[in-house]
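As a plain string of letters, each chain reads:
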Amino acid sequence: MLGRSLLNFVLLIVAVTCATAQHVPPWTEDCRKSTYPPSGPTYRGPVPWYTINLDLPPYKRWQELITEKAPALKVIVNSMKDVVNAFVPSGKIMQIVDQKLPGLLGNFPGPYEEEMKGISDITGIPLGVIEWILGKRDAMWIGFISRSVLENCTSYEEAKNILTKSKLLAPAYFILGGNKSGEGCVITRDRRKSLDVYELDSKQDRWYVVETNYDRWKNPFFLDDRRNAAKMCLNHTTQEKISLSTIYDVLSTKPVLNKLTVFTTLMDVTKGQFETYLRDCPDPCIGW
Ligand SMILES: *[C@@H]1O[C@H](CO)[C@@H](O)[C@H](O)[C@H]1NC(C)=O
Ligand SMILES: *[C@@H]1O[C@H](CO)[C@@H](O)[C@H](O)[C@H]1NC(C)=O
Ligand SMILES: *[C@@H]1O[C@H](CO)[C@@H](O)[C@H](O)[C@H]1NC(C)=O
């Protein structure tokens with residue numbers, strides 16, 4: 001009974017929220033202006049910056065960063081072990097992960113095996129556990145693909161080709177920008193192939209593309225229409241005025257900014273700029 005009445009309560013809240021939320025303040029607002037450089041209650045601070053020197057041999061690349069992060073990493077590993085051991089108290093599962101997993105999975109490709117061995121030796125966390133944390137390879141492939149594109153592709157076309165054609169272990173959206181006119185697209189992927197490549201198109205006056213974690217041909221969840229909010233703000237400005245500053249304005253406008261927004265990253269491929277800011281969305285703000 002308790003469960004059901006709680007559920008009714010939740011449904012009621014959801015129903016009330018539905019009726020009021022989507023296009024009505026305080027959950028939405030007029031497109032923000034002059035929010036950059038970041039400050040005020042929606043800005044929680046910068047993220048730390050680390051340099052990974054890819055000229056070092058793979059085994060050594062992560063030494064500095066991981067030495068600093070080892071204590072935090074060990075806390076995470078221990079709490080994950082506690083959860084597993086609570087379900088299977090014999091400790092057998094973790095023993096298998098520790099000792100057998102590396103062999104079972106075989107080697108990771110490219111530099112990754114050696115990089116993870118380096119991390120394992122610095123932290124004393126067994127290699128199998130590190131592979132397990134990184135998602136037993138499943139989610140990792142997206143990371144592998146992005147990393148190898150960033151590391152080794154030398155043109156927009158080459159990057160687009162690889163992101164469109166490589167096999168993945170999970171569906172993904174890739175948002176890609178080049179440094180020449182017309183170079184920009186959103187690639188919607190399932191595991192085997194690309195489902196859609198949506199590109200900039202001057203003939204159709206399409207000077208921007210927007211991706212908010214829904215397939216382009218599907219409607220967003222009705223409480224989460226960041227797509228049209230972002231488009232509306234972009235429509236209020238012009239291509240000539242686009243800059244890190246005006247993009248930050250769009251990404252600071254509710255509900256594009258919401259309670260699930262962890263950080264905002266701004267990039268300019270031509271100027272080589274890359275800035276990341278931790279975000280907050282104080283009440284009233286939608287998003288669980
Ligand atoms: C990039 O290419 C180099 C040279 O072929 C190779 O050693 C390296 O593993 C590649 N990087 C990734 C992440 O695949
Ligand atoms: C774009 O990037 C390529 C490759 O780095 C470079 O050769 C070219 O000069 C760049 N073009 C512009 C307009 O920045
Ligand atoms: C933004 O402009 C485009 C192109 O004119 C138009 O198709 C779209 O409906 C507009 N969207 C919003 C939310 O204003």
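Residues numbered from 1 in each chain as written. Chains lettered and ligands numbered in written order. Predicted model: local features only at pLDDT ≥ 70, side-chain atom pairs only at ≥ 80, totals over all residues. Heavy atoms only, no water.

Visitor: Looking at this structure, I do not really get the site of ligand 3. What am I missing?
Guide: By nearness alone, every residue bordering ligand 3 is listed as Y208, N228, K231, M232 and N235. Take N235: an N or O atom from its side chain is 2.4 Å from an oxygen atom of ligand 3. Look at ligand 3: alone it shows 370 Å² of surface, and the protein chains cover 38% of it. When its residues are assigned to classes, the shell around ligand 3 shows 2 nonpolar, 2 polar and 1 charged. (Near = heavy atom within 4 Å. Polar contact = N/O pair within 3.5 Å; in protein donor to acceptor, adjacent residues only side chain to side chain. Areas by Shrake-Rupley, 256 points an atom, 1.4 Å probe, with all protein chains shown as cover. Nonpolar A, V, L, I, M, F, W, Y, C, P; charged D, E, K, R; others polar.)

Visitor: Sorry, what's going on with the packing of helix α2 (residues 63–87) against helix α5 (residues 112–123) here?
Guide: Packed helix pairs are specified by the crossing angle of their axes together with the interaxial distance, meaning the distance between the axes. As a packed pair, α2 and α5 sit with axes 9 Å apart at the nearest point and diverge in direction by 60 degrees. Taken together, the axes of α2 and α5 are oblique relative to one another. In this structure, α2 crosses over α5, and the sense of that crossing is right-handed. Contacts between α2 and α5 involve Q63, I66, T67, A70, L73 and K74 on the former and, on the latter, I119, I122 and T123. Classifying every residue of the contact of α2 with α5 gives 5 nonpolar, 3 polar and 1 charged. (Axes fitted to C-alpha atoms, helices over the stretch in contact; angles between N-to-C directions. Helix = DSSP H or I, 4+ residues; strand = E, 2+ residues; numbered from the N terminus. Parallel < 35°, antiparallel > 145°, perpendicular 65-115°, else oblique. Left-handed = near helix turned anticlockwise from the far one by under 90°. Contact = heavy atoms within 4.5 Å.)

Visitor: Sorry if this is basic, but what is going on with the pairing of strand β5 (residues 263–268) here?
Guide: Looking along a regular strand, one sees the side chains alternate between the two faces of the sheet. As paired elements, β5 and strand β6 (residues 273–279) share 6 bridges and run antiparallel to each other. If you follow F263 over to β6, its bridge partner there is L278. (Pairing = 2+ DSSP bridges.)

Visitor: Just to check I follow, could you spell out the side chain of T164 for this structure?
Guide: Mapped onto the secondary structure, T164 falls in helix α8 (residues 156–165). Since its relative accessible area comes to 17%, T164 is described here as buried. Reaching out from T164, the side chain makes a polar contact with the backbone oxygen of K160 at a distance of 2.5 Å. Here T164 is in contact with I187, R189, K193, S194 and V197, once residues within four sequence places are set aside. (Buried < 20%, exposed > 50% of the residue type's maximum accessible area, 1.4 Å probe, protein only.)

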